[in-house]
Amino acid sequence: MEGIALRVRNLHKSFGGVHAIRDLSFDVAPGQVVGLIGPNGSGKSTTVNSLAGLFLATSGEIILDGVPIQTLPEHSRVALGLARTFQTASVFPEFTVRQQVRLASIVTLKSNPLASIFKLSVGHGDDAETEARIDEILRLTDLYQIADKLVSTISSGEQRFLMIATALAANPKVVLLDEPAAGLISHERKTLSEMIKKIRRRGVAVLVIEHHMALIMDVCDRIVVLNFGSKIAEGTPDEIRNNPAVIDAYLGEAI
Ligand SMILES: Nc1ncnc2c1ncn2[C@@H]1O[C@H](COP(=O)(O)OP(=O)(O)OP(=O)(O)O)[C@@H](O)[C@H]1O
Ligand SMILES: [Mg+2]
């Protein structure tokens, strides 16, 4: 399994009679950015939610750095190195930016019932190594200059970057980014592109779902295309742009 951070094999997910994903297989290597695209209802969110463990896949394998995780609960997957962001911002408004990233680096948010206990000690100094790592994450996500602002006072774009910082604080091998450009304005999308490239350079594997094609084409090494729950194409941005099946699936939408 060496060289593969995330291996997905023959993944199926059905909701009653609806086959939301069928026989989906793909890999993401360390330091690689893979895009997951497809028309509305094609199964992108279902794929990310199955990978993250929000619900269990109906069948198939999900292998994280050599370890099968498809039957594990969400918090165990995070602990093993799979972090995600959500489509909508989820942050603690009463914290500063730095406090939120620090909290995420101490405990794994959302998954650990001890989070509320650790919350009490947030704000007190941790060791220098932790602080250096937090600084690095804040710089990487373009939040360093606003690290001492309250989360409730930062812009919605900055809140989205904070979600990425929060995911990185868990020290993941694989990051799942769920529509990270949603609601961002043009210069913020450029910042996001640079951010994803920096994350890749750290050797993290990135799976990004996004409707914003210019961003996908800019950051991805490879793209997986879903339609009606099945993979219809996989390739480099250039291969995908010129693939007739992909153009058909999008029915004339600009790719
Ligand atoms: N919890 C659920 N219960 C029943 N059906 C679901 C559920 N979640 C998703 N589906 C169905 O599974 C299919 C795939 O949905 P999914 O949300 O994964 O698509 P998507 O590619 O993320 O679409 P969009 O681009 O609109 O976000 C759709 O037919 C959807 O109606
Ligand atoms: Mg979706």
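Residues numbered from 1 in each chain as written. Chains lettered and ligands numbered in written order. Predicted model: local features only at pLDDT ≥ 70, side-chain atom pairs only at ≥ 80, totals over all residues. Heavy atoms only, no water.

Focus on the packing of aromatic side chains
Now for step 1: The full count for this structure, using the stated rule, is 1 aromatic pair.
Now for step 2: With a centroid separation of 5.5 Å and an interplanar angle of 90°, the aromatic rings of Phe15 and Phe55 are classed as edge-to-face. Of this pair, Phe15 sits in strand S1 (residues 6-15) while Phe55 sits in the loop between helix H1 (44-52) and strand S4 (59-64), and the two are 40 residues apart along the sequence. (Phe/Tyr/Trp six-rings, centres within 6.5 Å; stacked < 30°, edge-to-face > 60°. Helix = DSSP H or I, 4+ residues; strand = E, 2+ residues; numbered from the N terminus.)

Here's the deal with the confidence of the model for the chain
Now for step 1: Per-residue confidence for the chain gives a mean pLDDT of 88; residues scoring 70 or more make up 87%.
Now for step 2: The model gives residues 108-125 a pLDDT under 50, and that stretch makes 24 contacts with residues more than four places away or in other chains. (pLDDT = per-residue confidence, 0-100. Contact = heavy atoms within 4.5 Å.)

Points about the site of ligand 1
Now for step 1: Near ligand 1 the following residues occur: Phe15, Val18, Ala20, Pro39, Asn40, Gly41, Ser42, Gly43, Lys44, Ser45, Thr46 and His211.
Now for step 2: Ser45 has a polar backbone atom sitting 2.9 Å from an oxygen atom of ligand 1.
Now for step 3: Note that an oxygen atom of ligand 1 is positioned 3.1 Å from one of the side-chain N or O atoms of His211.
Now for step 4: Of all the secondary structure elements, the ones that give two or more residues to the shell around ligand 1 are strand S2 (18-28) and H1.
Now for step 5: Sorting elements by how many residues they give to the shell around ligand 1 places H1 first, with 3 residues.
Now for step 6: Along the lines of polarity and charge, the residues of the shell around ligand 1 split into 4 nonpolar, 7 polar and 1 charged. (Near = heavy atom within 4 Å. Polar contact = N/O pair within 3.5 Å; in protein donor to acceptor, adjacent residues only side chain to side chain. Nonpolar A, V, L, I, M, F, W, Y, C, P; charged D, E, K, R; others polar.)

So, the pattern of salt bridges
Now for step 1: According to the stated counting rule, one finds 14 salt bridges in the structure shown.
Now for step 2: Between Glu131 and Arg102 there is a salt bridge, with the nearest N and O atoms lying 3.0 Å from each other. Remark: Arg102 occurs in helix H3 (residues 97-106) and Glu131 occurs in helix H5 (residues 128-140); sequence separation between them is 29 residues. Exposure class is identical for Glu131 and Arg102. Each is buried.
Now for step 3: Across the pair Lys197 and Glu194 runs a salt bridge whose closest N-O atoms are separated by 3.9 Å. Placement of the pair is Lys197 and Glu194 together in helix H7 (residues 186-201), with a separation of 3 residues, close to one helical turn.
Now for step 4: Several salt bridges share partner residues, and in doing so they unite Arg98, Arg102, Glu131 and Asp135 into one network. (Salt bridge = Lys/Arg side-chain N within 4 Å of Asp/Glu carboxyl O. Buried < 20%, exposed > 50% of the residue type's maximum accessible area, 1.4 Å probe, protein only.)

A look at the sheet that holds strand S10 (residues 230-235)
Now for step 1: Ordered in space as S6-S7-S8-S3-S9-S10, the 6 strands form an open sheet in which the pairing is mixed. With one partner strand each, in any of the chains shown, strand S6 (82-84) and S10 form the two edges of the open sheet. Strand-to-strand twist of the sheet, defined as the mean angle between neighbouring strand axes without regard to direction, takes the value 20°.
Now for step 2: Two strands pair when backbone bridges link them, and strand S3 (residues 33-37) and strand S9 (residues 222-227) are joined in this way by 4 bridges, in the parallel orientation. Looking across to S9, one finds that Ile37 is bridged to Val225.
Now for step 3: Contacting S3, S6, strand S7 (174-178), strand S8 (205-209) and S9, H1 runs over the sheet at an angle of about 140° to S6. (Pairing = 2+ DSSP bridges. Axes fitted to C-alpha atoms, helices over the stretch in contact; angles between N-to-C directions.)

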